[in-house]
There are 2 protein chains.
Amino acid sequence: MGAAGRRNLPTSEELATWRAHVETFDIVRARIESRLHQDSKLSSGDYRVLLALSEADGSTVRSSELAAHIEWERSRLSGHLGRMEKRGLVRREPCAEDARGSRVLLTAEGARAFRASTVPHLQAIKEIFVDAFTPRQLADLDETAAAVRRHLDLDSPRPRSSDVPNSPTGETS
Amino acid sequence: MGAAGRRNLPTSEELATWRAHVETFDIVRARIESRLHQDSKLSSGDYRVLLALSEADGSTVRSSELAAHIEWERSRLSGHLGRMEKRGLVRREPCAEDARGSRVLLTAEGARAFRASTVPHLQAIKEIFVDAFTPRQLADLDETAAAVRRHLDLDSPRPRSSDVPNSPTGETS
DNA sequence: CACGGATGATTCACGTGTCAATCAACTGGT
DNA sequence: ACCAGTTGATTGACACGTGAATCATCCGTG
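Each chain carries its own residue numbering, running from 1 in the direction its sequence is written. As a convention, the first chain written is A and the first ligand written is 1, with the rest following in written order. Local features in this predicted model are restricted to residues whose pLDDT is 70 or higher, and side-chain atom pairs enter the listing and the counts only when it is 80 or higher, whereas totals over whole chains, interfaces and linings include all residues. Here the side-chain values reflect all heavy atoms present in the structure, with hydrogen atoms and water set aside.

Next up on the list: the protein's contact with DNA strand C. Around DNA strand C, 19 residues are found, and the nearest of them are A:Ser64, A:Ser75, A:Arg100, A:Ser102 and B:Arg83. Sugar plus phosphate: this is where 71% of the atoms of DNA strand C within 4 Å of the protein reside. Between DNA strand C and A:Arg74, the relevant distance is 3.2 Å, taken from a phosphate oxygen to a side-chain nitrogen or oxygen of the residue. Runs of E in the DSSP output that reach at least two residues are strands. Runs of H or I that reach at least four are helices, and both are numbered from the N terminus. Taken together, the elements giving at least two residues each to the surface near DNA strand C come down to α3 (63-70) and α4 (74-86) of chain A together with α4 (74-86) of chain B. Of the residues forming the surface near DNA strand C, the biggest block, 4 residues, is contributed by α4(B). Each residue gets one of three labels, nonpolar for Ala, Val, Leu, Ile, Met, Phe, Trp, Tyr, Cys and Pro, charged for Asp, Glu, Lys and Arg, and polar for the others, Gly among them. Considering only residue class, the surface near DNA strand C consists of 1 nonpolar, 9 polar and 9 charged. One heavy atom suffices: a residue is near a molecule or strand as soon as one of its heavy atoms comes within 4 Å of it. Under the rule applied, a polar contact is a pair of N or O atoms within 3.5 Å (in protein, one hydrogen donor and one hydrogen acceptor; residues adjacent in sequence only if both atoms are side-chain atoms).

In structure tokens, the structure reads:
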């Protein structure tokens, strides 16, 4: 065996697990997003923006707060809002308090689209993802995600400034 | 109450599991890809193409076979190869047997880049993904992926034509 | 109040993905 | 040999993501 001390490499089983995991959950995600798009003509990005906006007081948020809330880069949000604005889902207007900023607001059209999308979207998550598992497996999934977060130290760096007194049910996709 | 029979909706715990799963493994993937890019200036798409090519007989494949092998849309592969060609990783030349087709070949540069990338990439998968779990959890992950594939009927529609007698270790990312 | 540095937001260049359209070259049936 | 229909591959239009650059406004300090 010319094996000169193998380094920190995965076994082929571990590699297969990784690949299967990625491939499988990519398909799950694609199915859920495709259903959202069929049902409501919304992308998951649209959904996330509309969710945050509809939860906001007066259906309006400062653009940078929105970006922070959904954890997007500002330029990403900027571009996405541009597209959504063209479709009439949101509107942007200059901000009174701070002349640099802008204020994003939900249009009636956007609110309607979001309202119509939520139940089918949640159903899709249930049918495509949740229903694939036993309760035990769901608990295992929770635990594996938690294990990853511990492994990568993703839990400590949570405390955002002193903002966000009580985050009201932040949905994701 | 006004509750008119809730439909097939996930509980908030189930929804939280879904969101945590997506977010967490997005980060895992991003870290692995970011490391691949730092180490080797390759994207996961590049890696997948180079892997398939380096496994191919004579480091050359018909473009459409490549697309089928890695399960990409043909236009996606076309665009990706264009970019890779600009960077000198692959080359395309007209195909003798079929004047419509083209033949993709690995350049020395591409082979070198791929060779240099594999060990660090596999290490990253081990360190970032595999090492987060106990062996038991890894087995659970295999089983959850399998459960999804059964749930979505992803295993039956496998048989591709009569081609591909024995697929030789198709790596993914 | 003036100035320099932080901050809000957009823009640009580019990589990446999808789908429809295009176009040439192959194929089979007559 | 010819035409129709399929197939190999590219292209174009668009959605989406990242990072750097830009630009105006704000703010703390002298």
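In this section: the relation of the copies chain B and chain A. Least-squares superposition aligns the copies on the C-alpha atoms of those residues with pLDDT at or above 70 in both. Once chain B has been moved 0.0 Å along the axis and rotated by 180°, it coincides with chain A to within an RMSD of 0.0 Å. The relationship between the two copies is best expressed as a two-fold rotation axis. Interface overlap between copies is the fraction of interface residues in one copy that are interface residues in the other; for chain B against chain A it reaches 100%, indicating a shared surface. The contact criterion used is simple: two residues touch if any of their non-hydrogen atoms lie within 4.5 Å.

Note on aromatic contacts: the rings of Phe and Tyr and the six-membered ring of Trp form a pair at centre separations within 6.5 Å, being stacked when their planes are under 30 degrees apart, edge-to-face when over 60 apart, and tilted otherwise. Within this structure, the stated rule accounts for 8 aromatic pairs over all chains. Aromatic pair A:Tyr47 and A:Phe114: ring centres 5.2 Å apart, planes at 50°, arrangement tilted. With A:Tyr47 in helix α2 (residues 44-55) and A:Phe114 in helix α5 (residues 108-129), this pair connects stretches of sequence that are 67 residues apart. The exposure classification of A:Tyr47 matches that of A:Phe114, with both residues buried. One aromatic cluster is present, formed by A:Trp18, B:Phe25, B:Phe129 and B:Phe133 through successive ring pairs. A cation sits over an aromatic face here: A:Arg76 above A:Trp72, 4.0 Å from the ring centre. Only protein chains enter the accessibility calculation, which uses a 1.4 Å probe. A residue is then buried if its area is under 20% of the maximum for its type, exposed if over 50%, and partly exposed in between. A positively charged side chain is recorded as over a ring if its NZ (Lys) or CZ (Arg) lies within 6 Å of the ring centre. The angle to the ring normal must also be within 35 degrees.

By definition here, a helix of n residues has an expected span of 1.5 Å times n minus one. For helix α5 (residues 108-129) of chain B, spanning 22 residues, the distance from its first C-alpha to its last is 31 Å, which sits close to the expected 32 Å at 1.5 Å a residue. Its maximal kink placed at B:Thr118, α5(B) deviates by approximately 35°, while the proline B:Pro120 follows within four residues. The bend at a residue is defined as the angle formed between two axes, one fitted to the seven residues ending at that residue and one fitted to the seven starting there.

Listed by partner, the interface residues are 52 residues for chain B and 52 residues for chain A. For the pair chain B and chain A, the summed buried surface comes to about 5,400 Å²; carbon and sulfur atoms form 65% of the total. Any Lys or Arg side-chain nitrogen located within 4 Å of an Asp or Glu carboxyl oxygen qualifies as a salt bridge. Where chain B meets chain A, there are 2 salt bridges. Across the pair B:Asp26 and A:Arg29 runs a salt bridge whose closest N-O atoms are separated by 2.5 Å. For the side of chain B that touches chain A, the class distribution of residues is 25 nonpolar, 11 polar and 16 charged. Reported buried area values correspond to the accessible surface (1.4 Å probe) lost by two parts on association, with both partners' losses combined.

Moving on, we come to the sheet that holds strand β1 (residues 60-62) of chain B. All names here are of chain B. Following DSSP output, two strands are said to pair if at least two bridges run between them. Strand order in the open sheet made by the 3 strands is β1-β3-β2, with antiparallel pairing throughout. Strands with a single pairing partner mark the edges of an open sheet, and in this sheet they are β1 and β2 (90-94). On average, each strand axis in the sheet is inclined to that of its neighbour by 25°, with strand direction left out of account. The pairing of β1 with strand β3 (residues 102-106) spans 3 bridges and is classified as antiparallel. Residue pairing across strands places Val-61 opposite Val-104, the latter belonging to β3. In this description, a line fitted to the C-alpha atoms serves as the axis of each element, helices being fitted only across the stretch in contact, and the angle between N-to-C directions of two axes falls anywhere from 0 to 180 degrees.

Right, let's talk about the nonpolar core for a bit. Residues belong to a common nonpolar core when they are buried Ala, Val, Leu, Ile, Met, Phe, Trp, Tyr or Cys residues joined through side-chain atoms within 4.5 Å. With 40 residues, the main nonpolar core has A:Val28, A:Phe129, A:Phe133, B:Val28, B:Phe129 and B:Phe133 as its most contacted residues. Broken down by secondary-structure element, the contributors of at least two residues to this core are α1 (12-40), α5 and α6 (135-151) of chain A together with α1 (12-40), α5 and α6 (135-151) of chain B. When sequence neighbours within four positions are dropped, the list of residues in contact with A:Val28 reads A:Ile128, A:Phe129, B:Trp18, B:Val148 and B:Leu152.

Residues and elements named next belong to chain A. If you walk across this open sheet you meet the 3 strands as β1-β3-β2, and the pairing is antiparallel. Each end of this open sheet is capped by a strand with a single partner; those strands are β1 (60-62) and β2 (90-94). Strand after strand, the sheet turns through a mean of 25° between neighbouring axes, direction not considered. Together, β1, β2 and β3 (102-106) form the strand contacts of α2, whose direction differs from that of β3 by roughly 95°.

Inspection of the entire model under this criterion finds 22 salt bridges over all chains. One salt bridge in this structure joins A:Arg103 and A:Glu97, with 3.3 Å as the shortest N-O distance.

Our focus in this paragraph is the pairing of β3(A). Across 5 bridges, β2(A) lies against β3(A) in antiparallel orientation. Counted as the bridge partner of A:Glu93 is A:Arg103 from β3(A).

Note: pLDDT gives the predictor's confidence per residue, expressed from 0 to 100. Looking at chain A as a whole, its pLDDT mean stands at 89, while 86% of the residues score no less than 70. Throughout residues 158-173 of chain A the model reports pLDDT below 50, and contacts reaching past four residues in sequence, or to other chains, amount to 20 contacts.

Moving on: the protein's contact with DNA strand D. Around DNA strand D lies a shell of 19 residues, among which A:Glu73, A:Arg76, A:Arg83, B:Ser64 and B:Ser102 are the nearest. When atoms of DNA strand D within 4 Å of the protein are split into backbone and base, the sugar-phosphate part holds 70%. At a separation of 3.0 Å, a phosphate oxygen of DNA strand D approaches a polar side-chain atom of A:Ser43. Of all the elements in the fold, those that place two or more residues in the surface near DNA strand D are α4 of chain A together with α3 (63-70) and α4 of chain B. For the surface near DNA strand D, the class distribution of residues is 1 nonpolar, 9 polar and 9 charged.

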